[in-house]
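Understanding the architecture of this molecule
Chain by chain, the residues:
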Amino acid sequence: MTAWDCEELRGAVLRGLGEHADGRVRDALARGMLAIVPGVARWDASAGPVDACDVIVAVDAATLGVLRAVPHLTDALVSAFAAAVTTRPGEALRDLSFRWAPPAASHTGYRDGPPPPRPEVLRDALADYLAATGDDVLATAVRTFVVDDADPEVFALVVPLAVRSSLLRDAASIDALTRAARDLLGDARKRVRVR
């Protein structure tokens, strides 16, 4: 398998999109951080062996919200990546996934990874994500919430008393908050609590 370089693959995908592609697709690709995981699957095809890779595109919270809210944007990116990868004989794309890329935090330990995002960064990302999905009312409310990160097992949102009772009665808003938090945190089973 020929190893793709991230910037080389990004260029190939951008060229494959053409000049008439949706600007949101081009923007997500241009600003996102790419990671390529080679050799995730292998099979024999009629033309010979095929090695597959996975590609991860890490984007800001608003872009992730747009990609989730407008599925044809994701479909366009999947098609463009698959077409670009297969320009090399014996290569294929197995999976393209999208993740949130939290803003870089400074840290001093060279052996340690970056620290988890601060609570206010998580809150603002949640609001940006929801606004990008078109839920401006909930996004505005979220900016008044406090993220309680005392329990690493739970994504807890402390809601001001003035909006707590109406929010807790609104199942659609609770579902939207839960989906958005889980998507941003990259954990579909994360417990989300509003209190």
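Check the entry above for the structure.
Presented here is a report on the structure given in the accompanying data block. Fair warning: this is a prediction, and the values are worked out from it, not measured in the lab. (Residues numbered from 1 in each chain as written. Predicted model: local features only at pLDDT ≥ 70, side-chain atom pairs only at ≥ 80, totals over all residues. Heavy atoms only, no water.)

**Focus: helix H8 (residues 171-185)**
The criterion, for reference: For helices the rule is a DSSP run of H or I covering at least 4 residues; for strands it is a run of E covering at least 2, with both sets numbered from the N terminus onward. Working rule for helices: expected span equals 1.5 Å times residues minus one. To sort residues, take the accessible area from a 1.4 Å probe on protein chains only and compare it with the maximum for the residue type: under 20% means buried, over 50% means exposed, and anything in between is partly exposed.
With 15 residues, H8 extends 21 Å from end C-alpha to end C-alpha; this agrees with the ideal 21 Å at 1.5 Å per step. Listed as buried for H8 are Ser173, Ala176, Leu177, Thr178, Ala180, Ala181, Asp183 and Leu184. One or two steps after H8, the chain reaches glycine 186, where phi turns positive at roughly 70°.

**Focus on the environment of arginine 191**
Put simply, the test is: Every residue pair with non-hydrogen atoms within 4.5 Å of one another is taken to be in contact.
With respect to the helices and strands, arginine 191 occurs in strand E6 (residues 191-194). Counting along the chain gives 70 residues from arginine 191 to valine 121, while the straight-line C-alpha distance between them is 19 Å. The contact partners of arginine 191, leaving out residues within four places of it in the chain, are Asp151, Glu153, Val154 and Phe155.

**Concerning the sheet that holds strand E4 (residues 146-148)**
What counts is decided by this rule: If DSSP finds at least two bridges between two strands, the strands pair. Geometry is summarised by axes, namely lines fitted to C-alpha atoms with helices restricted to the contacting stretch, and by angles between N-to-C directions that run from 0 to 180 degrees.
Taken in spatial order, the three strands line up as E4-E5-E6 in an open sheet, and their pairing is mixed. The strands lining the two open edges of the sheet, one partner per strand, are E4 and E6. Mean inter-strand twist for the sheet, computed between neighbouring axes without regard to direction, equals 25°. Taken together, the three bridges between E4 and strand E5 (residues 154-158) define a ladder with antiparallel strand orientation. By the bridge assignment, valine 146 is partnered in E5 with valine 158. Against the sheet, H8 contacts E5 and E6, and its axis sits at roughly 135° relative to E6.

**Looking at the packing of aromatic side chains**
In plain terms, the rule: Aromatic rings from Phe, Tyr and Trp, with only the six-membered ring used for Trp, were paired whenever their centres fell within 6.5 Å, and each pair was classed as stacked if the ring planes differed by under 30 degrees, edge-to-face if by over 60, and tilted otherwise. In this scheme, Lys NZ or Arg CZ marks a charge over a ring once it lies within 6 Å of the ring centre and within 35 degrees of the ring normal.
Summed over all chains, the structure comprises zero aromatic pairs. Looking at arginine 88, its charged tip hangs above the ring of tryptophan 4, at a distance of 3.7 Å from the centre.

**Remarks on helix H3 (residues 61-69)**
Test applied: Definition of a polar contact: a pair of N or O atoms within 3.5 Å, with one able to donate and the other able to accept a hydrogen when the atoms are protein atoms, and with sequence-neighbouring residues admitted only if both atoms are side-chain atoms.
Considered for burial, the residues of H3 that qualify are Ala61, Thr63, Leu64, Gly65 and Leu67. The inward-facing, buried residues of H3 contact helix H2 (23-31), strand E2 (48-59), helix H4 (71-85), strand E3 (91-100), helix H5 (119-132) and H8. Looking at where H3 begins, the residue whose side-chain oxygen comes 3.1 Å from the main-chain nitrogen of alanine 62 is aspartate 60.

**What to know about the environment of phenylalanine 81**
Within the fold, phenylalanine 81 resides in helix H4. Overall, the relative accessible area of 0% leaves phenylalanine 81 in the buried class. Sequence separation between phenylalanine 81 and leucine 9 is 72 residues, and the spatial gap between their C-alpha atoms is 8.1 Å. Phenylalanine 81 has contacts with Leu9, Val13, Leu29, Leu34, Val55, Val57, Leu93 and Leu96, leaving out every residue within four places of it along the chain.

**So, the state of the cysteines**
To keep it simple, the criterion reads: Cysteine sulfur atoms that come within 2.5 Å of each other are treated as a disulfide pair.
The full count for this structure, using the stated rule, is zero disulfides. Sulfur of cysteine 6: no disulfide; nearest cysteine sulfur belongs to cysteine 53 and is 10 Å away.

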